[in-house]
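Chains, contacts and geometry: an overview
One-letter residues, chain by chain:
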Amino acid sequence: MAKHKVTMTINGKSVTAEVDSRLLLVHFIRENLDMTGTHIGCDTSSCGACTILIDGKSVKSCTYLTVRADGAEITTIEGIAADGTNHPLQKAFHDQHGLHCGFCTPGMIMRSIDLLKTNPNPTEKEIRWGISGNLCRCTGYNNIVKSVQQAAAEMAKEKEASV
Amino acid sequence: MFKCKTSPEVGGMGHSVKRKEDARFLHGKGKFTDDVKLPGMLHMVIVRSPYAYAKILSINKEKALAIDGVLAVITGEDLAQYNLHWMPTLLSDSQMVLPTDTVMHQSQEVCAVIATDRYIAVDGAEAVDVQYEPMKALVDPYKALDKDAPLLRPDKEGQKDNHIYHWERGERAKTDAAIAAADVVVKERIYLPRIHVASIETCGVVASYDKDTEKMLIYLTSQAPHAIRTILALVAGHVGLSEEKIRIIAPDIGGGFGGKVPVYPGYVIAIAASFLIGKPVKWIEDRSENLVNGFARDYHMDCELAATKDGKIQAFKVSTLADHGYTDSSANPSKYPTGMFSICTGSYDYEHAFAELDAVYTNKAPGGVAYRCSFRVTEAVHAIERMVDKLAAEIGKDPAQLRFENFIKKEQFPYASPLGWSYDSGDYKQTLEKAMDMIGYADYKKEQAEKRAQGKLMGIGICTFTEVVGAGPSKDFDILGIKMFDSAEIRVHPTGKALARFGTKSQGQGHETTYAQILAEELGIPYTDIEIDEGDTDTAPYGLGTYASRSTPTAGAAAAIAARKLRDKGKKIAAHLLEVSEEDIEWEVGKYFVKGAPEKSKTIQDVAFAAYTNFPEGMEPGFEATHYYDPPNLTFPNGAYICVVEVEEETGAIDVKRFVAIDDCGNIINPMIVEGQIHGGLTQGIAPAMYEGIVYDDEGNVLNGTLMDYLVPTAVESPHWETGHTITPSPHHPLGAKGVAESPTVGAPPAIANAIIDALYPLGIKHLDIPITPDKVWDAIQVAKAKA
Amino acid sequence: MIPANFNYHKANTLKEAIALSQELGEEAKYMSGGHSLLPMMKLRFATPEHIIDISKIKGLSYIKEEGNLLKIGALTTQTELEHNPNLKENYPIFGDAVWLTADPSVRNCGTIGGNIAHGDAANDQPALMLALRATIIAEGVDGKKSIPIDDFFHGFYMTALEPGDILTEIQIPKTKKNSGGAYHKVERKVGDYATAGVAVHIELDDDGVCQEIGIGLTNVSAVPMRLERGEEILRGKKITDELIEQVGVIAGEDAEPESDLRGSEAYKRSIVNTITKRMLNKALERARK
């Protein structure tokens, strides 16, 4: 089987690799790049634990071929804030107890970034529908909703301040 | 109410401090089993049976071994050479690691492929050619004891049929007599279906055997690493795996809920493979493997509840048929095969009760996982809470009123239940009153009457449960003889900071925060100055792990007592430093002072420093303490849950309008974390009530073995939970605390079922088994209408 | 779950894709969003030898009105459908459907072309296309072809697309005055395939008489299904509650659902009946605005 040369930007850094056609992006990120914050929970694109951003949009990386990401800009949980700092969503999940075991959390946060980008001021219902492709078995979602609400408010404030 | 003794900075009990463990998860730096990568690591993939019951005619490895990178295909025959093809279960049954001749359930492990890469291992598994001779599977447990049923376990000496055991508790004759004489008897067959914990992280292992040191290092998704180490040593001692050579590390765990207590065949195969090959071997379940192996519930319960005509409960009887699959591999640490099922008499005061159970073999996956419940409490509570509602409906009494009239009263505690438990404390009346106030019960009753008059279907469901958690006292519990204590080991360093290690293992419960808070409460050292460590059998003290809501009742108690030992030592040091006698020293959180002269004082940090630098003559230096806590009793958290639903007659659609949960778990260590646990458990309660259940067809095939069809609720299905609490401290726990995290999983399903059935009652529907789905409701409505 | 080995080929243009398909033969499959095909490959229900990636082909992602037509490029994602201002304003049936399709991350990848070309009666877009009387534009070795939606779905996962054909565009008659559409499906949980779904599109004249009507059904038959008998009853008439009631009954009768994990056959027939009535009313309400 032929190998394919791919080049993509991951968390701001350019990465070039030779990969098999069938290599799933989630495995490329976890195994080839050793970034294990992106998780695998279901294999059927049902749980969202593997959610990352491709060109700014949330995507389930267990259902995405690495070769297709050639030329793409990819962001994972490891790349949403500079070392030692927190993205407003990371801070909010901590403040609102939006995580228990932490396994779904990276995917949940990556999805929420896209959600807040397309809808900066979502209602509770819009948040619940907006994260409906991401399963959490621990929190009962109440506090995840609160986390997204807090982050939305903080990001709105930041935006206002920067204008 | 509970009053905090410490400042928020110290962060002792009662403070909602934020979790210390969060940062690594939020930054993608958690370390889960699948994140472990060792040099030279191989990957294992399991070939599984497509049939529920079949003879294995042949396993041809050739094509698989021809694939570049496939190193081995391990079969039952291979393991049999080392006598590792079977393993004992906790309940004295036996389970195949890999079969040599027969598969007993669909998706059973048939053989395992070891390869250099995960992808190649999957290709290898596809290439293994297994020939089967399928046989007629036994799927219906009610047919398991038929004369013409196949004998599923001829391998077991003396096994003449598919009956595994009979268990009973209580007085059959007196209960039968009370039922026969009662004014009112309600009966129902209630089924709690097979469900799965479906933690978002599946199970997995990385086993690494070093032939030179003879050490076996195992990273394992385990809620009970110490117990597993002992079991491994007992099972594999004969091939040279000695307990001191086994190190199990349970790294971060992506949800457990009981599903990561058992020893799965895949673990054993990977460990055996590493032992034989001498290289690290990783096995991570995929989701379908996870969902079709292991299960919880699967109890068919015939219930009878007897009462006077005005609703005073007199007797309860329940006869259960339990479907265990092909072996009884229940992850049950109690001395009773049915675990805590005898809590089924509930929160009510009456004299006569009898519970019995027969367990049978079928061609289904084994498991018997204590899914977020201290083994069979969910079944027990569902039985009694459904029956109490059925009684209320039968005699036309408000179900809340009926409960008030039958509750065990506050002053009756400790209460000896008819089936032998000693309930420690509770104030059931206050808890239910609080739930009714919070939801506005009277208003909903009015609204319901109005809606019913308009022909609309609205229901209100109550559940007032009593849980039994904190396994447990050695008289009731052990695992292979090991008592169910748990442990804490505290080291306070010279600078007054501390490290504490425990025999438990968090899977999201927040131990790194709550244990630190317990120590902050007892020692006055800020919780931020205390590191918590668990899960490594080489470093942590021996303990039985985290499940059965036992961490706070056992290890939490051990932490408090170990801290008090330190405080006693510290008092001697403080007396030495302040140059007074020990009797003149008093303690308040964080410092020792001289009686009557509070300005003369030494902080706990001063004392810790002195323990290494300036201790009294003759005293052993250092500031460390350890305690192993064997609880005198279980704890009995309880709660009152109320659910309001509307059902659309035309479609069967169910809308959960409100859900209020009032929990009483005694004194609370961290209210934020407790509330979070309740939220999560409630969603795991609505899941079996309305969505989840493993479905088999007549051939024993699982029909919903992926998350596309096994319907784990999302944020949309999960209602906005409303929570609150009452506090009735446990009288026997050093902190007055009780376990809590399982209460919502136990209490929510009957509250929801009661609400939906209440909504449908005007149509003549008196019972539905969970999961109550819209199509099931619609079908029931058609049947009811046809009858009417 | 990992797909079997295959060879990946990226097509930069339609021509390239079609040529690749010619060259590689029947063992080659096109992939656009990948959210129908890749899951099947991971389960090894599908084991194509070659994948031709058409997602990078430029110029196939658009939503525009030209003449009397609304044209949607086949590579337009579900998310783009969801947020398009024109669709939101004038074709709310798309919003109804997309909101209920899979989940937002899947919708970021999944394309309208893939949803239709897969030929799966459980997908949501086929019912919409039937209701809206779409024309499917495809390109293949023989050039461009235009396929009326009623000739498009042939059988279980089978369509009028021939080997090498690529669905490129969906054409829908531009929305008219006094017209409206609506879609709803009953699902076991959010993002699930439909237990049953109904798409309705109605066009009225100034007197409120039904000039044109389209009713498409989701997942109640092996092939995406048009409710012809129902349409005939309403066409040319003023739509009344009685007529709606009648069409609901017909929907329940004409649907061909099977009992499965989503419910009994009888339940599904009843759901189709109910949802058909509700969508007729909703579409009517929108048409009358």
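Counting restarts for each chain, with residues numbered from 1 along the sequence as it is written. Each chain is given a letter, starting from A, and each ligand a number, starting from 1, according to the order in which they appear as written. Only residues with pLDDT of 70 or above have their local features reported here, since the model is predicted, and side-chain atom pairs are shown and tallied only from 80 upward, although totals for entire chains, interfaces and linings are computed over all residues.

Looking at an unreviewed UniProt entry, one finds chain C named Carbon-monoxide dehydrogenase medium subunit and attributed to Maribacter arcticus.

The name given to chain A in an unreviewed UniProt entry is Carbon-monoxide dehydrogenase small subunit, with Maribacter arcticus as the source organism.

**Looking at the overall build of chain A**
Here is the rule we go by: Secondary structure elements are taken from DSSP: a helix is a run of H or I of four residues or more, a strand is a run of E of two residues or more, and numbering for both begins at the N terminus. We take the radius of gyration over the C-alpha atoms and set the globule estimate at 2.2 Å times the residue count to the 0.38 power. Remark: C-beta atoms are placed from the backbone, and a residue is labelled buried if 20 or more other C-beta atoms sit within 10 Å of its own, exposed if 12 or fewer do, or partly exposed between those counts. Note on contacts: each residue gets a C-beta atom placed from the backbone, and two residues are in contact if those atoms are within 7 Å.
Assigned secondary structure in chain A consists of 5 helices and 5 strands. Relative to the globule expectation of 15 Å for 163 residues, the C-alpha radius of gyration of chain A, 16 Å, shows essentially globular dimensions. Taking the principal axes of its C-alpha atoms as reference, chain A extends roughly 50 × 35 × 25 Å. Every one of the 163 residues in chain A was classed for burial, and the buried ones make up 63%. Looking at chain A alone, contacts between residues at least 24 apart form 59% of all its contacts between residues at least 6 apart.

**Regarding the domain arrangement of chain C**
Interfaces are often sized by the amount of accessible area the parts lose when they come together. Operational definition: Throughout, the edges of the domains are those of an automatic or database domain assignment.
Looking at the assigned domains, one finds that chain C contains domain 1 (7-53), domain 2 (63-173) and domain 3 (179-288). The centre of domain 1 of chain C, based on its C-alpha atoms, is set 35 Å off from the matching centre of domain 3 of chain C.

**Quick look at the sheet that holds strand β11 (residues 204-210) of chain B**
Residues and elements named next belong to chain B. Quick reminder of the rule: When DSSP finds at least two bridges between two strands, those strands are taken to pair. The axes are straight lines fitted to the C-alpha atoms, using for helices just the contacting stretch, and the angles between their N-to-C directions are given from 0 to 180°.
If you trace the 7 strands from one edge of the open sheet to the other, you get β3-β7-β1-β14-β11-β12-β13, paired in mixed fashion. In this open sheet, the two edge strands, each paired with only one partner strand, are β3 (70-75) and β13 (246-249). If you compare each strand with its neighbour and ignore which way they point, the axes differ by 20° on average. Two strands pair when backbone bridges link them, and β3 and strand β7 (residues 109-115) are joined in this way by 5 bridges, in the antiparallel orientation. Note on β7: the bridge partner recorded for A72 is I114. Contacting β1 (42-48), β3 and β7, helix α4 (residues 118-127) runs over the sheet at an angle of about 25° to β1. Helix α6 (residues 225-236) contacts β12 (215-220) and β13 of the sheet and is inclined by roughly 150° relative to β13.

**Structural notes on the environment of C:N84**
Following the sequence through the fold, C:N84 ends up in the loop between α3 (78-83) and α4 (85-90). Between the C-alpha atoms of C:N84 and C:I63, which are 21 residues apart in sequence, the distance is 7.8 Å.

**Concerning the domain arrangement of chain A**
Residue and element names in this part refer to chain A. Assigned domains of chain A: these are domain 1 (3-79) and domain 2 (88-157). Of note, the centres of domain 1 and domain 2, computed from C-alpha atoms alone, are 22 Å apart. Between domain 1 and domain 2, the contact holds 13 residues from the first and 12 residues from the second. Where the side of domain 1 that touches domain 2 is concerned, the elements lending two or more residues are β3 (51-54) and β4 (57-60).

**Quick look at the UniProt feature "domain: FAD-binding PCMH-type" (unreviewed entry) in chain C**
Put simply, the test is: UniProt positions are given in the numbering used here, feature names are shortened, and annotations may be inferred rather than shown by experiment.
Residues annotated by UniProt as "domain: FAD-binding PCMH-type" (unreviewed entry) correspond here to residues 1-177 of chain C. Across residues 1-177 of chain C, the secondary structure splits into 32% helix and 26% strand, with the terminal C-alpha atoms separated by 50 Å.

**A short note on the interface of chain B and chain A**
Between chain B and chain A, the contact holds 41 residues from the first and 40 residues from the second. Elements with a contribution of two residues or more to the side of chain B that touches chain A: α1 (22-26) and α16 (671-691) of chain B. Take the side of chain B that touches chain A: its biggest share by element is 7 residues, from α16(B).

**Examining the nonpolar core**
For clarity, the cut-off: A set of buried residues drawn from Ala, Val, Leu, Ile, Met, Phe, Trp, Tyr and Cys, joined through C-beta atoms within 7 Å, is what defines a nonpolar core.
Formed by 403 residues in total, the largest nonpolar core has its most connected members in B:M44, B:V113, B:I114, B:L519, B:A559, B:I642 and B:I756. At 11 residues, the largest contribution of residues to this core is made by helix α14 (residues 551-578) of chain B.

**Side note on helix α12 (residues 441-453) of chain B**
Three or four residues apart is the spacing at which side chains of an α-helix point the same way, because the helix has 3.6 residues per turn. The line we're drawing: The length a helix should cover is 1.5 Å for every residue beyond the first.
Counted at 1.5 Å a residue, the expected span for α12(B) with its 13 residues is 18 Å, and the 18 Å between its end C-alpha atoms agrees. Positive backbone phi, at 85°, marks B:G455, one or two positions downstream of α12(B).

**Looking at helix α11 (residues 265-288) of chain C**
Taking 1.5 Å of rise per residue, 24 residues should cover 34 Å, and α11(C) covers 34 Å from first to last C-alpha, within 8% of that figure. In terms of burial, α11(C) is a largely internal element, 17 of the 24 residues being buried.

**Looking at the interface of chain C and chain B**
Defined as follows: When residue character is reported, Ala, Val, Leu, Ile, Met, Phe, Trp, Tyr, Cys and Pro are called nonpolar, Asp, Glu, Lys and Arg charged, and the others, Gly included, polar.
Tallying the contact residues gives 14 residues for chain C and 19 residues for chain B. Per-element accounting of the side of chain C that touches chain B gives the leading share, 4 residues, to α11(C). A per-class count over the side of chain C that touches chain B returns 7 nonpolar, 4 polar and 3 charged.

**What to know about unusual backbone geometry**
A cis amide bond links B:F413 with the next residue in sequence, B:P414, at an omega value of -5°. By the element assignment, B:P414 lies in the loop between α10 (399-406) and β18 (415-416). Residue B:P771 is reached from B:I770 by a cis peptide bond, and omega for that bond is -5°. Positionally, B:P771 belongs in the loop between α17 (743-760) and α18 (774-787). You will see that B:D298, though not glycine, has its phi angle at about 70°, which is positive. One non-glycine residue, C:N178, lies in the positive phi region at around 60°. Relative to the helices and strands, C:N178 resides in the loop between β10 (166-173) and β11 (179-186).

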